[in-house]
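# Examining the three-dimensional arrangement
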Amino acid sequence: MGSSRSIMVVAPGFPAGLIQELLADRYLPVPTNLEVLLPPGNSAPRNGLSAKEIPEGTLVVSAPGGSFFSSRHLQWLRGKLRPFKKVFLLIPQSPYQDASSALVTLLIFLMSGKAITILRPNDAVADAQAKAAINWQRRDAAGKWRVTELNRAVLIKEVRHFVWSKYPEPIKNLIKSVQLELGYYLGSCNLETDGTVPFNLQPLDASQEALERDAKYALGTAITWIDNLPGGEKFLRGKKVLEIGPGINFGSILTLACHGAEVLVTDRFLTPWDPEYHPKFYTLLKERLAGRWPGIDLSPLERIIATGQYPRESICAYTCSLEKLSGVPAESVDLVISNAVFEHLYDLQSAFAHLARITKPGGLGLHQVDFRDHRDYSRPLDYLLLSQKEFTIEFRERHGECGNRFRPREMWQLFESAGFEVKEFRPDIFVTEKYLTEFLERLRQAKKSRYVDYNVEDLRHVSGLFLVVKKLRENPELPENRL
Ligand SMILES: C[S@@+](CC[C@H](N)C(=O)[O-])C[C@H]1O[C@@H](n2cnc3c(N)ncnc32)[C@H](O)[C@@H]1O
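Residues numbered from 1 in each chain as written. Predicted model: local features only at pLDDT ≥ 70, side-chain atom pairs only at ≥ 80, totals over all residues. Heavy atoms only, no water.

We now examine the pattern of salt bridges. In the structure shown here, the tally under the stated rule is 19 salt bridges. The residue Asp214 makes a salt bridge to Arg213 at a minimum N-O spacing of 3.1 Å. Lys286 is paired through a salt bridge with Glu302; the nearest N and O atoms lie 3.7 Å apart. Of the two residues, Lys286 sits in helix α9 (residues 278–292) while Glu302 sits in helix α10 (residues 299–307), which places them 16 residues apart along the sequence. With relative accessibility at 38%, the residue Glu302 sits in the partly exposed group. Through salt bridges that share partners, Arg379, Asp382, Glu438 and Arg442 make up one connected network. (Salt bridge = Lys/Arg side-chain N within 4 Å of Asp/Glu carboxyl O. Helix = DSSP H or I, 4+ residues; strand = E, 2+ residues; numbered from the N terminus. Buried < 20%, exposed > 50% of the residue type's maximum accessible area, 1.4 Å probe, protein only.)

Our next topic: the packing of helix α11 (residues 348–358) against helix α13 (residues 408–418). In the contact formed by α11 and α13, the axes pass within 9 Å of each other and the chain directions differ by 45 degrees. Looking at the two axes, α11 sits oblique to α13. In this structure, α11 meets α13 at a crossing whose hand is right-handed. Across from Leu348, Gln349, Phe352, Leu355 and Ala356 in α11, the residues of α13 making contact are Met411, Leu414, Phe415 and Ala418. Of the residues that constitute the contact of α11 with α13, the class distribution is eight nonpolar, one polar and no charged. (Axes fitted to C-alpha atoms, helices over the stretch in contact; angles between N-to-C directions. Parallel < 35°, antiparallel > 145°, perpendicular 65-115°, else oblique. Left-handed = near helix turned anticlockwise from the far one by under 90°. Contact = heavy atoms within 4.5 Å. Nonpolar A, V, L, I, M, F, W, Y, C, P; charged D, E, K, R; others polar.)

The next point concerns the site of the ligand. In the vicinity of the ligand, 19 residues are found, and the nearest of them are Asn200, Tyr217, Gly245, Asp267 and Asn339. Arg268 is positioned with one of its backbone polar atoms (N or O) 3.3 Å from a nitrogen atom of the ligand. Burial of the ligand by the protein chains amounts to 84% of its free accessible area of 590 Å². Among the residues making up the shell around the ligand, the classes are represented as nine nonpolar, six polar and four charged. (Near = heavy atom within 4 Å. Polar contact = N/O pair within 3.5 Å; in protein donor to acceptor, adjacent residues only side chain to side chain. Areas by Shrake-Rupley, 256 points an atom, 1.4 Å probe, with all protein chains shown as cover.)

What follows covers the sheet that holds strand β13 (residues 461–470). Taken in spatial order, the seven strands of this open sheet run β9-β8-β7-β10-β11-β13-β12, and their pairing is mixed. Both outer strands of the open sheet, β9 (316–319) and β12 (420–430), are each paired with one neighbouring strand and no more. Taking each pair of neighbouring strands and ignoring which way they run, the sheet shows an average axis angle of 15 degrees. The sheet contact formed by strand β7 (residues 240–244) and strand β10 (residues 333–339) spans four bridges and is parallel. The residue bridging Ile244 from the neighbouring strand is Ser338, located in β10. Packing of α11 onto the sheet brings it into contact with β7, β10, β11 (359–370), β12 and β13, and relative to β11 it is tilted by some 140 degrees. The strands touched by α13 within the sheet are β11, β12 and β13, with β12 carrying the most contacts at an inclination of about 165 degrees. (Pairing = 2+ DSSP bridges.)

Counting 45 residues, the largest nonpolar core has Leu236, Val241, Phe250, Leu254, Tyr282, Leu289 and Leu335 as its most contacted members. For this core, the elements supplying multiple residues, two or more each, are α7 (208–227), α8 (251–257), β8 (262–267), α9, α10, β10, β11 and β13. At eight residues, the largest contribution of residues to this core is made by α7. Those residues in contact with Phe250 that lie beyond four places of it in its chain are Val265, Leu270, Tyr282, Tyr310, Ile315 and Ala317. Ranked by size, the runner-up nonpolar core spans 29 residues in total, among them Val369, Met411, Phe420 and Val422. (Core = buried A, V, L, I, M, F, W, Y, C linked by side-chain atoms within 4.5 Å.)

Before going further, it helps to spend a moment on α9. What sets the pattern is the α-helix's 3.6 residues per turn: residues three or four places apart point alike. Between its first and last C-alpha atoms α9 spans 21 Å; for 15 residues at 1.5 Å apiece the expected length is 21 Å, and the two agree. In this structure, the buried side of α9 is in contact with α7, α8 and α10. (Expected span 1.5 Å × (residues − 1).)

Taken N-terminus to C-terminus, the directions of α7 and α9 make an angle of 50 degrees; their axes are 9 Å apart at the nearest point. By the angle between their axes, α7 is oblique relative to α9. Note that α7 runs across α9; the crossing there is right-handed. From α7, Gln208, Leu211, Glu212, Asp214, Ala215, Ala218, Leu219 and Ile223 reach across to α9, where they touch Lys280, Phe281, Leu284, Leu285, Arg288, Leu289 and Arg292. The residue inventory of the contact of α7 with α9, partitioned by class, reads nine nonpolar, one polar and five charged.

The element β10 is extensively covered by neighbouring structure, given that seven of its seven residues are classed as buried. Two strands pair when backbone bridges link them, and β10 and β11 are joined in this way by six bridges, in the parallel orientation. Bridging across to β11, Asn339 finds its partner in Gln368. Chirality of the crossover, the property in question, places the unit of β10, α11 and β11 among those that are right-handed. (Right-handed = clockwise from strand over helix to strand, strands pointing away.)

These results come straight from atomic positions and should not be treated as a statement about function.
In structure tokens, the structure reads:
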């Protein structure tokens, strides 16, 4: 087990089948290539998962809690956790409702000294459960389970101030001792809770204002792509187009589908269908497209709205990072597009290898890349000061959302060595001279940074559009290389 692996911890009593549902829907930001670990003498908690119900290749740790709690289990778990850097603790219900197992499980993980991300059903689900007297099979109004993070402040409040009167005496005593321990550990442990669920998996804003904003953004992005295609929208008819990292909706690429392209998307954290957001969003987008291009074929959007999902005739969607995109056949895509995605790639060699593999010789790429430190856009180069070790931890814990800090020149070289010709890099955001001067002073002192001696001219551009073409093969005899 490598130190970069994640673990999902399932508290006892977690309903059978729910974990598969959560994993299948990709609500949880955890890898699915997990291993099954069950505590000795505790093969499966009542109502919980049993090993045979866990799909092959899935990995779950079932933690002992409540009445299972013992120093033997604690030792066992601590040993198992040692090689892992990060722990996801899924509390299937509010600590109000099953305090004994959730709290004891939490205590165990706090004691393991790991960074912990705590997830639990969102408030709507928790309330529904409370009303239904802990009916495990309850779903939220949309029939889906959701998880949100348990905010550190809320957790401390719940644990410290809740009156546990409904519990029998032995459990109350156990909880009291856990509360005492928690008071201590919460103060000293690295309890990482805020901002760790990837953006795409956080609840969507379905307010009219947000929908208008998102539709405008999707349309604007699609227009930029179309404007950069040879022949504009006519280029798209019958072409296969892949968007990498579409974000919370597929509005931009579906606009290209309405112009006659066959479209696919792939995202490391593919946003699941949200019945509150997506039908309204696509309906609004449809209106906007009809206004902009009268007579456009709106059927790709209409099918989606009618079925309440993404039918394959409209779009093919993969939950997969570009780094692992083996499901798309070689040399099958005419155009690959991305907007604010390449700065989040975590393994650029593999990602560019797949990009080159799937693109047809002569195929095009339009990639808008934001090279700023996403932790604070007003200090766009500050992450270059970190040592590689510090940055690797930061990048991993933020699911790459801070940006991978590759510079435009480095990305240019990656395109070229993967077999693309960079026709143009069109920068559109520049750092201010004031910030650059102040930053350079700090950079030259940052001896552990790989950018310590970096050429100042190469630091000025912090966003831009790459227009690339996949080179034809060397052999001029091959049919696709003949003019
Ligand atoms: C900043 S968002 C941009 C979303 C959208 N393109 C836009 O313009 O709003 C980055 C997107 O890339 C996705 N992403 C990040 N790393 C990725 C990877 N390695 N492979 C594929 N998608 C990735 C994220 O999940 C997210 O949807």
